[in-house]
Amino acid sequence: MQLGLDFAMVEELVAGVDEVGRGPLCGAVVTAAVILDPARPILGLNDSKKLSEARREKLFDEIKEKALAWCIARAEVEEIDRLNILHATMLAMQRAVEGLSVTPKLALIDGNRCPKLSVPSAPVIGGDAQVPAIAAASILAKVSRDREMRELDLLYPGYGIALHKGYPTPVHLEALIRLGPTPIHRRSFAPVRRLLEAIAGY
């Protein structure tokens with residue numbers, strides 16, 4: 001039996017926090033924090049990666065409507081390059097929790113470490129498959145970032161960003177070599193850095 005994603009586990013004023021976009025070569029890392037309302041269950045919550053795009057889109061609106069509080073935050077490409085992806089992710093998570101309109105008693109963070117917060121926090125490995133509030137946060141973060149990547153695909157055509165969302169797929173890597181990096185590419189990530197070094201060497 002799958003543990004969790006049961007509203008008996010939704011405790012009062014506990015925020016779930018998750019991120020999307022640590023691995024891509026371009027775009028921001030997006031995080032979300034959600035405090036669910038025990039009195040307003042949301043059916044079908046699950047780790048965003050296990051849901052269809054249509055289901056995520058539907059749940060995105062339902063979470064925003066029914067949650068006690070939610071906040072979507074981010075760290076930009078410049079911050080990722082300056083701080084490194086781990087620290088930028090922690091910063092974005094901090095922004096999401098601090099941006100909640102209701103102060104949580106506890107923040108449960110998907111993963112094995114927590115950002116510095118003004119409220120108590122605890123990491124939960126695989127939390128998006130166990131804790132409903134983290135699953136809700138994963139959906140808000142993923143839908144937000146996916147929408148953004150579709151918009152960036154229009155600004156920077158030819159890279160296939162709408163399809164791969166910036167991850168280092170063969171299509172993306174080939175386009176990167178053929179077209180060169182854009183302003184939204186993370187210069188600190190090895191494939192982009194190597195290409196820039198090669199260009200600078202000519």
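Keep in mind it's a predicted model, so treat the numbers as computed, not measured.

Participant: Whenever I open this one, the pairing of strand β4 (residues 106–110) confuses me. Can you help?
Facilitator: It is a general feature of regular strands that their side chains alternate between the two faces of the sheet. Burial of β4 is extensive: 4 of the 5 residues sit out of reach of the surface. Inspection of the sheet shows strand β1 (residues 14–20) paired to β4 by 4 bridges, in the parallel sense. Looking at the pairing, V17 lines up with I109 of β4. Judged from the 4 bridges that link them, β4 and strand β5 (residues 121–124) form a sheet pairing that is parallel.

Participant: Mind showing me how you'd approach the UniProt feature "binding site: a divalent metal cation" (unreviewed entry) in the chain here?
Facilitator: Following the UniProt record, one finds the feature "binding site: a divalent metal cation" (unreviewed entry) at D18, E19 and D110. Across 93 residues in sequence, these annotated residues keep their C-alpha atoms within 7.9 Å of one another, forming a single compact spot. Take D18: it is sitting in strand β1. A residue is classified by how much of its surface remains accessible, and D18, at 3% relative accessible area, is buried. Excluding residues that lie within four positions of it along the chain, D18 makes contacts with V30, T31, A32, M93, D110, D128, I134, A137, S138 and A141. Of note, D110 is situated in strand β4. Among the residues examined, D110 registers a relative accessible area of 16% and is labelled buried.

Participant: Explain the packing of helix α1 (residues 53–66) against helix α4 (residues 132–155) here, please?
Facilitator: Helix-helix packing is characterised by the crossing angle of the two axes and by the distance between the axes. The N-to-C vectors of α1 and α4 enclose an angle of 115°; their axes lie 9 Å apart at closest approach. Seen from above, α1 lies across α4 with left-handed handedness. Counting all contacts with α1, which are made through E53, R56, E57, L59, F60, I63 and K64, the residues of α4 involved are A136, I139, L140, K142, V143, S144, D146, R147 and R150. Counted by class, the contact of α1 with α4 contains 7 nonpolar, 1 polar and 8 charged residues.

Participant: What should I look at first to understand the pattern of salt bridges in this one?
Facilitator: Pairs may arise between side chains of opposite charge once their charged atoms sit close together. Following the criterion strictly, the structure yields 14 salt bridges and no others. For E148, the salt bridge identified is with R74, shortest N-O distance 2.7 Å. Linking E148 in helix α4 with R74 in strand β3 (residues 69–75), this pair joins segments that are 74 residues apart in sequence. Residue class for E148 comes out buried when judged on its relative accessible area of 19%. Judged by its relative accessible area of 28%, R74 falls in the partly exposed class.

Participant: Got a minute to help me understand the UniProt feature "domain: RNase H type-2" (unreviewed entry) in the chain in this structure?
Facilitator: Look at the UniProt record and you will see "domain: RNase H type-2" (unreviewed entry) annotated at residues 12–201. Annotated as residues 12–201, this span is 45% helix and 16% strand, and its ends, taken at the C-alpha atoms, are 57 Å apart.

Parameters at a glance
- Residues numbered from 1 in each chain as written.
- Predicted model: local features only at pLDDT ≥ 70, side-chain atom pairs only at ≥ 80, totals over all residues.
- Heavy atoms only, no water.
- Buried < 20%, exposed > 50% of the residue type's maximum accessible area, 1.4 Å probe, protein only.
- Helix = DSSP H or I, 4+ residues; strand = E, 2+ residues; numbered from the N terminus.
- Pairing = 2+ DSSP bridges.
- UniProt positions renumbered as here; feature names shortened; annotations may be inferred.
- Contact = heavy atoms within 4.5 Å.
- Axes fitted to C-alpha atoms, helices over the stretch in contact; angles between N-to-C directions.
- Left-handed = near helix turned anticlockwise from the far one by under 90°.
- Nonpolar A, V, L, I, M, F, W, Y, C, P; charged D, E, K, R; others polar.
- Salt bridge = Lys/Arg side-chain N within 4 Å of Asp/Glu carboxyl O.

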